[in-house]
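# Inside the fold
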Amino acid sequence: MGRRVDRLHEAKRQQSSDFPFSLVVTPFAVLLALFLVWAFTGIWPWKPNPYKSYALQAEAWLHGRLDLGQDYPWLELAIYKGKYYVSFPPFPSFVLLPFAVFMGSSTPDGLISLVVTLVGSMQAVRLCREAGYGEEESIFWSLFLYLGTGYLFIGSTGWVWFFAQSLCFTLLLSSVLEAVRGHGGWSLAFWAMAVGCRPFSIIYLPLLFWILRQWARKVPVRKWILSHLTWAIAPIIIACVYMTLNVLRFDSPVEFGHTYLPEFQRAEKGQFSLSYVPEHLLLLLRLPQVGEKGELVFEHLETMAFYLINPLIFPLLCGWIWALRERRHHLLFLLPLLGLFHVLLLCMHRTLGGFQFGNRYFLDPWPALFWGLLLWRSPGRKSGLLWVPFFVLGAGLNLLGTVLTYSTW
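Source: prediction; values computed, not measured.

Now for the overall build of the protein chain. A tally of regular secondary structure across the protein chain gives 19 helices and four strands. At 21 Å, the protein chain has a C-alpha radius of gyration in line with the 22 Å of a compact globule built from 409 residues. Counting only C-alpha atoms and orienting by the principal axes, one finds that the protein chain spans roughly 65 × 60 × 45 Å. For the protein chain, long-range pairs separated by at least 24 residues make up 75% of all intrachain contacts whose partners lie at least 6 apart in sequence. Surface accessibility of the protein chain: about 18,600 Å² in total, with carbon and sulfur atoms responsible for 68%. Taking the 32 positively charged and 24 negatively charged side chains of the protein chain as two groups, their mean positions are separated by 10 Å.

Let's shift gears to the pairing of strand 1 (residues 77-80). Sheet topology note: the strand 1/strand 2 (residues 83-86) ladder contains four bridges and is antiparallel. Along strand 2, the bridge assignment pairs Ile79 with Tyr84. Counting the residues in the hairpin turn of strand 1 and strand 2 gives two residues, including Lys81, whose phi is positive at 55°.

Attention shifts here to the environment of Trp159. Within the secondary structure, Trp159 sits in the loop between helix 7 (151-155) and helix 8 (160-180). Considering only alpha carbons, one finds Trp159 and Asn49, 110 residues apart in sequence, at a separation of 6.5 Å. Apart from the residues lying within four places of it in its own chain, the contact partners of Trp159 are Ile43, Asn49, Pro50, Tyr51, Tyr406 and Trp409.

This structure, assessed with the given rule, holds eight salt bridges. Among the ionic pairs, Asp251 bridges to Lys81, the shortest N-O distance being 2.9 Å. Here Lys81 lies in the loop between strand 1 and strand 2 and Asp251 lies in the loop between helix 12 (233-250) and helix 13 (262-266), a separation of 170 residues in the sequence. Exposure remark for Lys81: the relative accessible area of 65% places this residue in the exposed category. Within this structure, Glu130, Glu178 and Arg181 form a network of salt bridges that share partners.

What follows deals with the side chain of Arg213. Considering the arrangement of structural elements, one finds Arg213 in helix 10 (residues 205-213). One polar contact links the side chain of Arg213 to the main-chain carbonyl oxygen of Val219, over a distance of 2.4 Å. Those residues in contact with Arg213, other than ones at most four positions away along the chain, are Val219, Pro220, Val221 and Trp224.

As a further point, take the state of the cysteines. In the structure shown here, the tally under the stated rule is zero disulfides. With no disulfide partner, Cys168 has as its closest neighbouring cysteine sulfur the one in Cys197, 5.6 Å distant. Between Cys318, a free cysteine, and Cys128, which holds the nearest cysteine sulfur, the sulfur-to-sulfur gap is 18 Å.

Further remarks concern the side chain of Arg249. With respect to the helices, strands and loops of the structure, Arg249 is situated in helix 12. Despite being buried, Arg249 has no salt bridge partner; Glu255 is the closest side chain of opposite charge, sitting 8.0 Å away. For Arg249, the side chain forms a polar contact with the side chain of Asn246, separated by 3.2 Å. With residues up to four places along the chain from it excluded, the contact list for Arg249 reads Gln57, Leu66, Tyr80, Tyr85, Val86 and Phe256.

Here the protein chain averages 91 in pLDDT, and 94% of its residues register 70 or above. Overall, residues 1-5 carries pLDDT values under 50, and its contacts beyond four positions in sequence, including any with other chains, amount to 13 contacts.

Moving on: the packing of helix 2 (residues 22-41) against helix 6 (residues 135-147). Where helix 2 meets helix 6, the closest approach of the two axes is 9 Å, and the angle between their N-to-C directions is 30°. If you check the angle between helix 2 and helix 6, you find them roughly parallel. Crossing of helix 2 against helix 6: the hand is right-handed. Where helix 2 approaches helix 6, its residues Ser22, Val25, Thr26, Ala29, Val30 and Ala33 are matched on the opposing element by Glu135, Ser138, Ile139, Ser142, Leu143, Tyr146 and Leu147. Broken down by class, the residue content of the contact of helix 2 with helix 6 amounts to eight nonpolar, four polar and one charged.

You can see Met243 is positioned in helix 12. The class for Met243 is partly exposed, based on a relative accessible area of 35%. Each C-alpha atom of the pair Met243 and Arg65 lies 17 Å from the other, and the pair is 178 residues apart in sequence.

Attention now goes to the packing of aromatic side chains. Under the defined criterion, the tally for this structure stands at 36 aromatic pairs. Ring plane angle 65° and centroid distance 4.9 Å describe the contact between Tyr51 and Trp159, whose orientation is recorded as edge-to-face. Residue Tyr51 is located in the loop between helix 2 and helix 3 (53-62), and its partner Trp159 is located in the loop between helix 7 and helix 8; the two are separated by 108 residues in the primary sequence. Across the pair, exposure class does not vary: Tyr51 and Trp159 are buried alike. A centroid spacing of 5.5 Å and a plane angle of 85° characterise the contact between Trp159 and Tyr406, whose relative ring orientation is edge-to-face. Of this pair, Trp159 sits in the loop between helix 7 and helix 8 while Tyr406 sits in helix 19 (residues 388-407); the two residues are 247 residues apart in sequence, bridging distant segments of the chain. Here Tyr406 falls in the buried class, since its relative accessible area comes to 4%.

About the thresholds
- Residues numbered from 1 in each chain as written.
- Predicted model: local features only at pLDDT ≥ 70, side-chain atom pairs only at ≥ 80, totals over all residues.
- Heavy atoms only, no water.
- Helix = DSSP H or I, 4+ residues; strand = E, 2+ residues; numbered from the N terminus.
- Rg over C-alpha atoms; globule rule 2.2 N^0.38 Å.
- Contact = heavy atoms within 4.5 Å.
- Areas by Shrake-Rupley, 256 points an atom, 1.4 Å probe, with all protein chains shown as cover.
- Lys, Arg positive; Asp, Glu negative; His and termini not counted.
- Charge placed at Lys NZ, Arg CZ, Asp CG, Glu CD.
- Pairing = 2+ DSSP bridges.
- Salt bridge = Lys/Arg side-chain N within 4 Å of Asp/Glu carboxyl O.
- Buried < 20%, exposed > 50% of the residue type's maximum accessible area, 1.4 Å probe, protein only.
- Polar contact = N/O pair within 3.5 Å; in protein donor to acceptor, adjacent residues only side chain to side chain.
- Disulfide = S-S within 2.5 Å.
- pLDDT = per-residue confidence, 0-100.
- Axes fitted to C-alpha atoms, helices over the stretch in contact; angles between N-to-C directions.
- Parallel < 35°, antiparallel > 145°, perpendicular 65-115°, else oblique.
- Left-handed = near helix turned anticlockwise from the far one by under 90°.
- Nonpolar A, V, L, I, M, F, W, Y, C, P; charged D, E, K, R; others polar.
- Phe/Tyr/Trp six-rings, centres within 6.5 Å; stacked < 30°, edge-to-face > 60°.

So, in structure tokens, the structure goes:
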């Protein structure tokens, strides 16, 4: 393991003088793919956002209230003690708050979401470079992550559900990147922000600690923790803000509001239950049906065959098997366990994402799994060319499916 880390550091030094074309090409390619979605659907990022829960919440805060003051029937709002609240974790509203000062609830959510996506694609490239990959490989694997996993669907708009996911995606990538660079304070701060977008992100804390620990492997654990207590300052402050808001709104430090959605109030088995798991696992294998004209009909509700929408899973599994045989990395066990635990939690939820193309909930583990993919493969191996057809499948299917789904909304 030590030789592996040293080799990554050496590769980083060798790359430091190169002009990073990958940091230009990758976001531009993602932008072109998004442009195609907007061109065919007419949902341009500068258009008003009909699902602007976070902007409404930011505007309410500026007016000195925690609830929205009225019902918006087309939004998913929590109803508690007769008041209407945004039912999602609050961090995206903090991002929109400076814009709300000047624009009220008419914040440019679509454009902000676009910036978040492009920054995230650049963070993916930086992770590739940290893992010792060259320019071409970095571009390929970063584009595979963004175009071949179903990200296009959530990255195309600033709608409340998708804005939170795309922001979380970028924040988790940034958290892993900063951990790889040994910047524990920034890593944990980004992680805490991600939890405020998608709470299940909390389960990746052990991964961050493991990565950071590699920078001081010979230092006793207790001494290492005590020497880096300042890393905890930002996440503790951020967590206190979340919990204070939760107490003020819902009288519980761990309640973001989803429990008080009418949909879950009516659910006989509640918001989370193990009884949902068998049905949801079957949905993850659901294949498209054959239509009257011989076409394939893809479902736009809940989810479908995960390996079609996310073919990046194939190089991930092959890389894991190869690394397992070579006994190359301790993350061979920690990261898969965290990913599987995340999937189990998602399958315990009453829904799997509702209206969507693909498996939008199952995008959430990918920022962490992507680092595993990069480590388990060997930079420079020609086997990367074997995955080009899978990339074409993922990118083509997600582009066409995203356009079709938004066009029929």
